[in-house]
Amino acid sequence: MSLIEQIFEATQSNALTQPFTVEQMKIWLVSKAIVKSDGSKYAEASIDAILSNSDVKNSPTTNKNRKVLLSRINEHGNKEYWF
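The shown structure was predicted, so the numbers you read here are calculated from the model rather than taken from an experiment.

Thresholds, definitions, all that
Residues numbered from 1 in each chain as written. Predicted model: local features only at pLDDT ≥ 70, side-chain atom pairs only at ≥ 80, totals over all residues. Heavy atoms only, no water. Axes fitted to C-alpha atoms, helices over the stretch in contact; angles between N-to-C directions. Helix = DSSP H or I, 4+ residues; strand = E, 2+ residues; numbered from the N terminus. Parallel < 35°, antiparallel > 145°, perpendicular 65-115°, else oblique. Contact = heavy atoms within 4.5 Å. Nonpolar A, V, L, I, M, F, W, Y, C, P; charged D, E, K, R; others polar. Buried < 20%, exposed > 50% of the residue type's maximum accessible area, 1.4 Å probe, protein only. Arc of directions from axis to C-beta. Core = buried A, V, L, I, M, F, W, Y, C linked by side-chain atoms within 4.5 Å. Pairing = 2+ DSSP bridges.

Student: Would you take a moment to explain the packing of helix α1 (residues 3-12) against helix α3 (residues 44-54) for this structure?
Tutor: Each pair of packed helices can be described by the angle between their axes along with the distance between the axes. One can describe the packing of α1 onto α3 by two numbers: an axis separation of 10 Å at closest approach and a directional angle of 80°. When the interaxial angle is binned, α1 and α3 end up roughly perpendicular. Of α3, the residues touching α1 (which contributes Leu 3, Ile 4 and Ile 7) are Ile 50, Leu 51 and Ser 54. Considering only residue class, the contact of α1 with α3 consists of five nonpolar, one polar and no charged.

Listed below in C-alpha cells is the structure:
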C-alpha cells in the first residue's frame, strides 16, 4: 500500500487527526513504525515531499502522485493537510 493510502487510512481510523502537519505525520510514521513494503524506512526527502506532491494545489505537475489533499497555512504559519 502506498504511503498516501496509509496516511488516508490513518485519518479514517483517527490514528492521525485532520488537519495534520508534516511534523504530525512524521510523529505518526515513527510511532506506528510505518515502513515501505520492502521493510525499509522512508527517506526523509520522501516524507517531506509526499504531502506537497499530493496536494491539489500542486497541479498540473510532472510528478505522478494523485492529487488528493487539501491544504492551508494555519495560525502558527505551518501548512496543514486534510483529505
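That was the structure; now back to the text.
Student: Sorry if this is basic, but what is going on with helix α2 (residues 22-31) here?
Tutor: Count 3.6 residues to each turn of an α-helix, and residues three or four apart come out pointing the same way. Listed in full, the buried residues belonging to α2 are Met 25, Lys 26, Trp 28 and Leu 29. All buried residues of α2 lie within an arc of 160° about the axis, which places them on one face of the element. With respect to the buried face of α2, the exposed residues turned more than 90 degrees away are Ile 27, Val 30 and Ser 31. In the core, the buried residues of α2 are packed alongside α1, β1 (20-21) and α3. Immediately downstream of α2, the backbone of Ala 33 shows phi near 50°, a positive value.

Student: Got a minute to help me understand the nonpolar core in this structure?
Tutor: A general trend in soluble globular proteins is that nonpolar side chains are found buried together. Formed by 16 residues in total, the largest nonpolar core has its most connected members in Ile 7, Phe 20, Met 25, Trp 28 and Leu 51. Residue assignment for this core shows that the elements contributing at least two residues are α1, α2 and α3. By residue number, the principal contributor to this core is α1, which donates four residues. Apart from residues no more than four positions distant in its own chain, Phe 20 is found in contact with Ile 7, Thr 11, Met 25, Leu 51, Leu 69, Lys 79, Glu 80, Tyr 81, Trp 82 and Phe 83.

Student: Explain the pairing of strand β2 (residues 70-73) here, please?
Tutor: Moving residue by residue along a regular strand, the side chains alternate between the two faces of the sheet. Sheet analysis places β2 next to strand β3 (residues 79-82), joined by four bridges and oriented antiparallel. In the sheet register, Ile 73 faces β3, and the bridge partner there is Lys 79. With antiparallel pairing between neighbouring strands as the criterion, β2 and β3 make up a hairpin whose turn holds five residues, including Gly 77 at a positive phi of roughly 85°.

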